[in-house]
Structure formats: C-alpha cells, structure tokens
Amino acid sequence: MFRLEARSSTPAWFNLALPLIAIVATLILCSGLIAVAGANIVEAYGVMLSASLGDSYAITETLVRAAPMIFTGLAVAIAFRAKFWNIGAEGQLLAGAVASCFVGAIPMPGYLAMLLMAVAGAAAGALVALVPATLRIKFKVDDVVSSLLLNSVIYYALMALIEGPWKDSFSGYPISPPIEDSANFPVLIEGTRLHLGVIVALIAAPLCWFLIARTTLGFRIRVTGENPEAARYGGINVQRVLISTALLSGALAGLAGAGEVGGVHFQVMSDISPGYGYSGIVVAMLARLNPLGVVPAAVFLAAVMTGAEAMSRATGVPAFLSDVIQGTALLAMLVALLFTAYRVRRVGASA
Amino acid sequence: MSAPLIEMRGITKSFGAVKANEAVDLSVAPGEILGLLGENGAGKTTLMNVLFGAYAPDAGDILVEGKPVAIRNSADALAAGIGMVHQHFHLAPRLTVLENLLIGIPGKSGRIDRAGGLARLAEIGRQHGLSLDPNLPVSALSVGEQQRLEIMKALFRGAKLLILDEPTAVLAPSEVDGLFAALRSMAGQGLGIIFISHKLNEVRALTHRCVVLRHGKVAGRVDDPANTTSAAMAELMCGHEIVPPTKAASAPGASVLTLDRISTAGHAGTPLRDVSLFVRSGEILGIAGVSGNGQRALADVISGMLPPRAGTMTITGKTVTQFAPRELQALGLGRIPEDRMTTGLVTNLPLADSMVLPRIGTKAFSRKGLLNPAAIRAFAEEQIKAYDIRCPGPMVRAGALSGGNLQKALLARELAFDPKVLIVSQPTRGLDIGAARFIHEKFLAMRAKGCGIIVIGEDLEELLMLSDRIAVMYEGRIAGTLSGAEATVAKLGLMMTGAGHTEKAA
Ligand SMILES: Nc1ncnc2c1ncn2[C@@H]1O[C@H](COP(=O)(O)OP(=O)(O)O)[C@@H](O)[C@H]1O
Ligand SMILES: [Mg+2]
C-alpha cells in the first residue's frame, strides 16, 4: 500500500528533475497514440528529433518558433509568481502584433522603426493586461475568466480590422498591409529565418530572472503572490504590485507579437499565432515559473511543434499530436508538482 | 482502574534525522483523563497522529482493550473507537452542523439518514451536555463552537477514546471552563481522554495523570497532577528550572503613542468607539478583554492596517496623517501581529525574506530598487544567532519553523530597528514556557531601553506579570484602566464583563 505524506522540504534537484520526468512521462503516454496511428514509435520520435534539432537549419527553425513562446512563457511566469492569473497572453500577443504592424508600416529609418515596433507591441500588450488586473482590483472580478475571455474579444477585433478597414488593398486577402521592408528584423544567419527578435527573447529570460530574484519589485511580486496579507502588513502596496505585474506580463506577451510581425510574418493575419499565448502557460509551468527555465521549456515545445510536422509527413501520424503532447505535458507537470509537496511512502502490510 | 482502553508500546517515529518519538509507552484507562505535556516540537502531535493512523510508526505496537490492532488510517482508528480533535479543525465550512456530523457515515440505501442523525445528536446532547443548532452552517460558528462540533463528530462515530490536540490554544479563558466541564462529564461516563497542552495550570486542573515528553522521549510521568507544582512539571518539560523574569521598577517617560477619541467603521469584528489611550516610554500597557471586543480593530489601527473614521493618533509627538504600515514604521513603530502564520510571515519563501519584508525598500537591504542579497542573508543569520532561532539556516522555508521560533523571528525583525513603540497581539499564544519566557524577557529589556509597549492579550496572568498599567476593552471601548499594582485577575475579570466601571480614563 502507498500513501502520500506531506513533505517539510523539497530537495533542490527536484526543480530540474520534475520537468524532465514530466516530459519523459508525456512522451511515453503519447507513444500509445503513435502506435494507434499505425506508426513505429521509435521512428516517429526519431523523425521528430532530427527535424527539430537534427541539423543547424532545423535548430534555427526551432529557435524561431521558440522565441514567441519564450516571451509568452515569461509573461505567464511573472504573472503567476504574483498570483495574477494571466491566461490572456494570447490576446496580449495579438494586440502587440497589431500595434507593432501599424507602427512598422509607417516609413522611417529601419532601426527606429524596429525600436518603435517593440515599444508599441509592449505597450499594447501591457494595456490589454491592465484590463483584467483593474477589474480584479476594483470589482473583484476573477482574473482567470476576464483575461481568458478577453482573448476572444481581441481575436475578433483583429479579424474585424483585417476583414474591414485594415484589409490589404493590394492583395485583397484578409491580411493587414505589410510593414516597410526596412522595418523587417535583420536575419542573423544567412539562409535561415533566425532574426533579431530571437536574440532579444533569449536575453529577456535572464533579465526577467534578475528582475524577480534581485530587485525589490521582484521581491514584492514574490511576497504578494505567496501571501498578500503578510505583504500588506509588511508595508507593500499590493494593488500597485498587481498593476506593475500586469503591465510587465502584458508587455512581454506584446513583445511576442512584435517579434512575429517584425521577424516572421511582416504583417498581421488571423492565424499569426497558433496559440503561442496558451503554450506560454505550458512553458511557464514546465519552467516552474523560473524565467531561466522558460528557455529550455519553450525550446522543447517548439521542437515538438516543428518535429510534429515532419513526423506527420514521414509517418502519417497527424500533426495534431503536437497539441496532444503539449496538453499532456501540462497535465504531467501538474501531477509532478504534487511531489514537491508530498512524498509517496510505502506502508508495510505489518504496520 | 480497569484494563487500559488504549496502550501504546515502544512507539518510535522518525522524520529523516529527527526522532519525533522514541520508545514512547503510554496508556489510558476508561474514565481517565491523561495529560500529554511537552514543549513545542516534543512530539505530542506526532504520537497522537500515530495513534490516529495518520503516520505509520517505525516501531512499536498499539493495543486497544488489550488486543493489538493495526491502525493504518483514520477509518481504522475510528473503527477502533479512537476519535481525534486536531489542532486545526477538519470541517466543511459551507455545510451545516448536521451535514458535517454525517460526512462519511453510510446512510440507508445511499441516502443521508437525517432523522437518525438528529436523534443521535439529541442523545449526545443529553449524555454530555453538548449541543449546537444542527442547521447552522459551520462558517457561522465561533472557534469554540467548531471545536465542540469536532468533539461531537468523534462521539457521533462512537469514540471510546478522545484525543484533543491543544484544544485550549484557540479558546478564550471563559470558553475553557465550558470545555473542561464537558470533558469531565465524558470521562465520568467512561470515556478515555488524552488532553494535550503545555499550559500547566490547565493540566493540573483537569487531568488525572500526565505523561511528559521531551525531545520525543518520555521525560517523566506525573501521577497526581493536582498536587504537583507547576514548577516541578515545567522542569520535567524543559529539562531545567524555569525562573520568572525579574521586572525592574518602572520609570516611565513622555508619551510615545497617544490615541485620541479613535473610532473605526467597516471592519470585520467589533469597531472602536471613542478609544483614547496612551503609552509612555519605558512602560508596558496591557490591553485585556474577552476576545472580540475591539482588540482586533485596535491592533489594526495602531499598526496601520485600518485607517480610523474619526480621532487622531500621535507617535513620538508626530500626528499620523497616513495610516499605512510603511509610514507608521518610519515613525518608529514596531508590530507583531496576532496571527504570525498568515499576517506575519510568508511561509513558502525563505525565512530571510520574511525577516526583511517590512524594510526591504530601505538602504539596509536594497539600493535603487536592487536587492542586496548578502546584506539580507547576513541580517537573517545575525538575528538567528542573536535570538537562538532553531532552524537549518536563513534560506529554509519559513513555514518549516515551529511557532516559538517563528515568533522569535518576528520579534527579531522588529526589535532590530529599535522601535520607539511596539504593539503586539497575543505574543505567546501557542508557545511553550521556555519560548514564552524568552519573549517576556525581550519585552522587559525593550521597556528598560525606553520603548513603550502595548500588549494585547487574553492571558491575564501574563498581562499582570508584564504590564505597568492594564486597560480593559469592552464592546469597542476602554472600560477602564488599572495600574499594575491595583490590578488583579478578579477585578479585571469583572471589568471584562462590562460590569464595575472605573471612572479613570486611560
Ligand atoms: N511531517 C513532518 N515532517 C518532518 N518533521 C516533522 C513532521 N511532523 C513533525 N515533525 C518534527 O517532529 C518533531 C515533533 O513535532 P510535533 O509532534 O509536531 O511536536 P509537538 O506537537 O509536541 O509540538 C518536531 O521536531 C517537528 O519538526
Ligand atoms: Mg503539536
């Protein structure tokens, strides 16, 4: 017989081991689906691995995909640290994309355009995140619900824009006009799509770590998230911390949108994000809300996404497996987190 | 007496390197009230959790009415006739009294047997004088009533042995008498009772026999608690003699905190009505009163959590314009909250974080928004050493510390910055004698240094021992103030009921 017993402390190596265990468990669980689809499991995962990380081009493609998820993962990780339940990174990303595309379409010197695109994207995302934070502070509206529902509002507003007033008159498709060529983010390695935004994402992660771990704002975010009453008693303005967190989180998600516009799509269309905002939640949970962990977690999900397409072509397993892996990874991680608070104890029959 | 109802033999239970229980023997006869004594961390709760099936012991046997039994979980324990009232209650707040009683009790053909439950409830009421309105939701019950419900739950399930883990820690003194009467009546009807406490006067008043634990082992047994001195029992608990602190003659200076006709509104609990009081430098002002008479609001106003509706407050001569914790702190106020776990500390973060929390924005711990981790750590390490806080180090999760050590940590974080005024609520609630004594000595040392201290408490003995003056709160007002010399338990008790006004204002 087994039973769960509360732990008084968690060993440090758990932080590293848990996500890895969750990922292994996910891959094992999903191998059942591959078998059902009639493919060879080893072959399928092999194709997935080589297509996503097998050569330098594949690696750059995976990184390009990882970049928006690094941003949304950071957005969610920081928000969740303060227990601001921002499920709205998707909407904030879209708002950031629209704003940066709008700015990028204005003729001006390239680097100024890129800078302003980033600023506009971040500002738009921050503004959107401010809505659920304000509703929560002023009217006690549940932030999970409001931030989640806001995603749909923004998605359909974006659709209305590109189907209507903002429709690209040149192509006639429901897409926005492209940004200026000079505003396209520079490519870092010739022949790949590895753009400047990817580097910015990779730098953002340690910056966010520094913010959380080494600044007074980060301290206040951590304390407010863990115990708002003790925070208030200790002289922290809890509402101000929530607002700062929301602005920061929204800005990071908005940057994901700016990166997609400036580095990958150069315009806004309805499917500019295949759910990067939601993937950010999986990334943040796999990273255990640690900004440094966000990078490997995002790369893992990106590898699954790019790999799944190749696997689908080679073995006939539907590429939707990538979504299943993401969902399963989140569930596996949530189960794994149980073991940070509890340990399994074997209870002898004689006891 | 007859054969033991319950016998525990050679119980050993370790948590990693900590031996929480080591070869503990203990027995309870029917109709007997056994006191289980020990300082915080002595292993009392662990031992009872073993008996109740929450932990499997590493070694040892449990016998019920002479027969060895295996208790693997609480269902086994209940089946063996063992009921437990935990330190923290296990009730469903939205369900009614009756529904809570019926949880887990199989009804007829899958339906809840309300009528049977009501009948059984009435029977318990007749037998032991315990009653509650069966239709009230638990959320509407006071702490004392919730405890009564927990006891009724155990009786409902046919407990022959009732374990109560520090039941008086959450009760007001007046409620304690009611609990004791009920326990005596139950014992009179043949129930065995294990009563855990570290309050010696309670143990002496209630129990027939005591087992004293120290560091997980049985340090001694007391066969006649009523005729054993508290000092002797305290020595068994702590392993050394306990001397009461000596209090120097008071030499109060100028007033450091003055409340002038303060009233509050919109607060959970009793609001303040026209409260005026002062505390002088080098003086301890005790605030007595039955809990719920505005003490909470008073503490919240003084600590900056609740801006008053009317009235003024001055700290060291400066009138407070902004009632916010940080502003008051800057004026020289130190605060120790009533509820250290929820208001004082952040249990999931390192201890060091809780210790610097109120001053994280000051130059001591940060500069231009950047933390100084070395200074934070050094401060915590220094205080851990100075206050003898028992813990693995400053980076340990604060929640892993015992109550006494947490209280020391909170005291350290306030006293390190030499407050001019200190407001504390229930400073030694739940602490054992050794830790309480330590806290008292610190208060007296601060008093000697010229700090003005307000102690809000329910333990009259403690207030009488510490205070230079004692004000009594009744229904949100100050009912009167007595000097330390004229105050007695009897006089205070009378004033606490609203009777016997004293004209002297605070
Ligand atoms: N679940 C646990 N994990 C690790 N250590 C524990 C656990 N429960 C209790 N302990 C330790 O065992 C000792 C005894 O604790 P406890 O039985 O709660 O003491 P008491 O109830 O007498 O205050 C303490 O040192 C405590 O820290
Ligand atoms: Mg205990």
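Keep in mind it's a predicted model, so treat the numbers as computed, not measured. (Residues numbered from 1 in each chain as written. Chains lettered and ligands numbered in written order. Predicted model: local features only at pLDDT ≥ 70, side-chain atom pairs only at ≥ 80, totals over all residues. Heavy atoms only, no water.)

1. Notes on the domain arrangement of chain B
Interfaces are frequently sized by the accessible area removed from exposure as the parts join. Residue and element names in this part refer to chain B. Taken domain by domain, chain B holds domain 1 (6–238), domain 2 (255–332 + 419–505) and domain 3 (348–413). Summarising the inter-unit geometry, the C-alpha centres of domain 2 and domain 3 are found 27 Å apart. On the domain 3 side, the residues contacting the nine residues of domain 2 number eight residues. Here domain 2 packs against domain 3, burying approximately 760 Å² in sum over the two surfaces, 71% of which is carbon and sulfur. Three residues stand out in domain 2 for area buried against domain 3, namely Gln-329, Phe-438 and Lys-442, and they jointly supply 52% of the buried area on that side. Summed over the shared surface of domain 2 and domain 3, the result is zero salt bridges. Scanning the region where domain 2 abuts domain 3 turns up two residue pairs in polar contact (both at pLDDT 80 or more). Ranked by the residues each element gives to the side of domain 2 that touches domain 3, the list is headed by helix 15 (residues 433–448), at five residues. Among the residues making up the side of domain 2 that touches domain 3, the classes are represented as six nonpolar, two polar and one charged. (Domains from an automatic or database assignment. Contact = heavy atoms within 4.5 Å. Buried area = accessible area lost by both parts, 1.4 Å probe. Salt bridge = Lys/Arg side-chain N within 4 Å of Asp/Glu carboxyl O. Polar contact = N/O pair within 3.5 Å; in protein donor to acceptor, adjacent residues only side chain to side chain. Helix = DSSP H or I, 4+ residues; strand = E, 2+ residues; numbered from the N terminus. Nonpolar A, V, L, I, M, F, W, Y, C, P; charged D, E, K, R; others polar.)

2. So, unusual backbone geometry
The phi dihedral of A:Lys83 is positive, around 55 degrees, even though this residue is not glycine. Within the element layout of this structure, A:Lys83 appears in the loop between helix 3 (56–81) and helix 4 (89–104). Phi angles above zero are rare outside glycine, and B:Asp274 is one such case at about 55 degrees. Tracing the backbone shows B:Asp274 in the loop between strand 11 (255–263) and strand 12 (275–280). We classify B:Asp274 as partly exposed; its relative accessible area is 46%. (Buried < 20%, exposed > 50% of the residue type's maximum accessible area, 1.4 Å probe, protein only.)

3. Looking at the interface of chain B and chain A
In this complex, chain B contributes 38 residues to the contact, which on the side of chain A involves 26 residues. Interface area, chain B with chain A, both sides summed: about 2,800 Å², of which 56% is carbon and sulfur. When the area that chain B buries against chain A is broken down by residue, the three leading residues are B:Arg72, B:Met305 and B:Leu371, summing to 20%. Where chain B meets chain A, there are one salt bridge. A salt bridge links B:Asp353 to A:Arg222, with the nearest nitrogen and oxygen atoms 3.3 Å apart. Counting across the chain B and chain A interface gives ten residue pairs in polar contact (both at pLDDT 80 or more). Elements with a minimum of two residues in the side of chain B that touches chain A: helix 10 (325–330), strand 16 (333–336), helix 11 (340–344), helix 12 (351–356) and strand 18 (370–371) of chain B. Here the side of chain B that touches chain A gets four residues from one element, more than from any other, and that element is helix 11 of chain B. Of the residues belonging to the side of chain B that touches chain A, the class tally is 20 nonpolar, nine polar and nine charged.

4. Description of a nonpolar patch on the surface
Residues and elements named next belong to chain A. On the surface, Trp-85, Val-144, Val-145, Leu-148, Leu-149 and Tyr-278 cluster together into a nonpolar patch covering about 490 Å² of accessible area. Among the elements that take part in the nonpolar patch, helix 6 (residues 143–163) stands out by supplying four residues, more than any other. Counting through the fold element by element, Val-145 comes out in helix 6. The partly exposed category is assigned to Val-145, whose relative accessible area is 44%. (Patch = residues over 30% accessible without salt bridge, like charges linked within 9 Å, V, L, I, M, F, W, Y side chains within 5 Å. Areas by Shrake-Rupley, 256 points an atom, 1.4 Å probe, with all protein chains shown as cover.)

5. What about helix 14 (residues 403–415) of chain B?
All names here are of chain B. Between the first and last C-alpha of helix 14 there are 18 Å, a value that for 13 residues agrees with the 18 Å anticipated at 1.5 Å per step. Most of helix 14 is tucked away, with twelve of its 13 residues classed as buried. Of the residues making up helix 14, those classed as buried are Gly-404, Asn-405, Leu-406, Gln-407, Lys-408, Ala-409, Leu-410, Leu-411, Ala-412, Arg-413, Glu-414 and Leu-415. (Expected span 1.5 Å × (residues − 1).)

6. Quick word on the environment of B:Ile193
Residues and elements named next belong to chain B. Position of Ile-193 relative to the elements: it lies in strand 8 (residues 192–196). Between the C-alpha atoms of Ile-193 and Gly-430, which are 237 residues apart in sequence, the distance is 21 Å. Setting aside chain neighbours within four positions, we find Ile-193 in contact with Val-28, Glu-32, Ile-33, Leu-34, Leu-161, Leu-162, Leu-164, Leu-183, Met-186 and Ala-187.

7. Section: the site of ligand 1
Around ligand 1, 13 residues are found, and the nearest of them are B:Gly41, B:Gly43, B:Lys44, B:Thr45 and B:Thr46. At the site occupied by ligand 1, the surrounding residues belong to chains A and B. Contact distances for ligand 1 include 2.8 Å between an oxygen atom and a backbone N or O atom of B:Lys44. Against a free-state accessible area of 560 Å², the protein chains account for coverage of 72% of ligand 1. When residues of the shell around ligand 1 are traced back to their parent elements, those giving at least two are strand 2 (18–28) and helix 1 (44–51) of chain B. (Near = heavy atom within 4 Å.)

8. Some details on the packing of helix 5 (residues 110–139) of chain A against helix 6 of chain A
Residue and element names in this part refer to chain A. Direction vectors running N to C along helix 5 and helix 6 enclose 145 degrees, while the axes themselves pass 9 Å from each other. The crossing of helix 5 and helix 6 is right-handed. Residues Val-128, Val-131, Pro-132, Leu-135 and Arg-136 of helix 5 pack against Asp-143, Ser-146, Ser-147, Leu-150 and Ile-154 of helix 6. Split by residue class, the contact of helix 5 with helix 6 holds six nonpolar, two polar and two charged. (Axes fitted to C-alpha atoms, helices over the stretch in contact; angles between N-to-C directions. Left-handed = near helix turned anticlockwise from the far one by under 90°.)

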